[in-house]
Amino acid sequence: VEEPLTQAERDVVYAVRAMGHQKQPEHKETLKALLERNRPPEVRGAAAASLGRYEDTSPQTLLQLLRTERDAPVRAGAAKGLALLEKKESVPELYRALTDPDPHVRAWAIRGISRVMGHRIAYDAAKPPETQAKVLAELGEYLRRQKLLP
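A quick note: this is a predicted structure, and the numbers were derived from the prediction, not measured. (Residues numbered from 1 in each chain as written. Predicted model: local features only at pLDDT ≥ 70, side-chain atom pairs only at ≥ 80, totals over all residues. Heavy atoms only, no water.)

Caption draft 1: Summary view of the nonpolar core. Leu31, Leu66, Tyr95, Leu98, Ile113 and Leu143 are the most contacted members of the largest nonpolar core, which has 43 residues in total. Where this core is concerned, the elements lending two or more residues are helix 1 (7-22), helix 3 (41-51), helix 4 (59-68), helix 5 (72-85), helix 6 (91-96), helix 7 (103-117) and helix 8 (133-145). In terms of residues, this core owes the most to one element, helix 7, which gives seven residues. Every residue in contact with Leu98, bar those within four places of it in the chain, is listed here: Arg106, Ala109, Ile110, Ile113, Tyr123, Pro129, Leu136 and Leu139. (Core = buried A, V, L, I, M, F, W, Y, C linked by side-chain atoms within 4.5 Å. Buried < 20%, exposed > 50% of the residue type's maximum accessible area, 1.4 Å probe, protein only. Helix = DSSP H or I, 4+ residues; strand = E, 2+ residues; numbered from the N terminus. Contact = heavy atoms within 4.5 Å.)

This is how it looks when you write it as structure tokens:
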């Protein structure tokens, strides 16, 4: 069971979010440094999401976090960052994230796909993925036709 964030840690999360909204170039390296594993997952997730606000962010770091991170807040932050970047190359990993056990990850994954596609996609991130097999199959087929999935 994870401990709740201390007030100081919550303050760091707020500050990290503010850095993302300000989009100051000098903050980008700080945000990257905050992704290190010795930080609380909520701080790391906020840093990942904030990196997505920088247009010149390479999606590779966020894709790697989404693919391999064990902490759900970090995966959700990576998915949010990818959604904000709106890069077509992120779609395969965002599609895979629609089966993530965490609903926040799934919610940001579908938002990311929707933003790349330019329209809303009917997928309920609150429902367990196993109950949406038909929707996922149809979406996968659609994304393949759009040449966004192999």
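Structure's up, so let's keep going.
Caption draft 2: Inspection of the layout of surface pockets at higher detail. Here the largest pocket is characterised by a volume of approximately 450 Å³. Contributing to the lining of the largest pocket are 22 residues, with Arg17, Glu42, Gly45, Ala46 and Pro73 lying nearest its centre. For the lining of the largest pocket, the elements supplying multiple residues, two or more each, are helix 1, helix 3, helix 5 and helix 7. Here the lining of the largest pocket is built from residues that sort into 10 nonpolar, five polar and seven charged. (1 Å grid on protein atoms, 1.4 Å probe; cavity = no way out; pocket = protein on both sides within 12 Å on 5 of 7 lines; lining within 4 Å. Points joined across faces, edges and corners; volume = space filled by probe spheres on them. Nonpolar A, V, L, I, M, F, W, Y, C, P; charged D, E, K, R; others polar.)

Caption draft 3: How the structure looks around helix 5. Between the first and last C-alpha of helix 5 there are 20 Å, a value that for 14 residues agrees with the 20 Å anticipated at 1.5 Å per step. The buried count for helix 5 comes to 12 of 14 residues, which makes it a mostly enclosed element. All of the buried residues along helix 5 are Ala72, Val74, Arg75, Ala76, Gly77, Ala78, Ala79, Gly81, Leu82, Ala83, Leu84 and Leu85. Elements that come into contact with the buried residues of helix 5 comprise helix 3, helix 4, helix 6 and helix 7. (Expected span 1.5 Å × (residues − 1).)

Caption draft 4: Quick look at the packing of aromatic side chains. Throughout the structure, instances matching the rule amount to zero aromatic pairs. Positioned above the aromatic ring of Trp108, the side-chain terminus of Arg111 is 4.3 Å from the ring centre. (Phe/Tyr/Trp six-rings, centres within 6.5 Å; stacked < 30°, edge-to-face > 60°. Lys NZ or Arg CZ within 6 Å of the ring centre and 35° of its normal.)

Caption draft 5: Looking closely at the side chain of Glu69. Looking at the secondary structure, you find Glu69 in the loop between helix 4 and helix 5. When its relative accessible area of 5% is taken as the criterion, Glu69 is described as buried. A distance of 2.9 Å separates a polar atom in the side chain of Glu69 from a polar atom in the side chain of Arg44. (Polar contact = N/O pair within 3.5 Å; in protein donor to acceptor, adjacent residues only side chain to side chain.)

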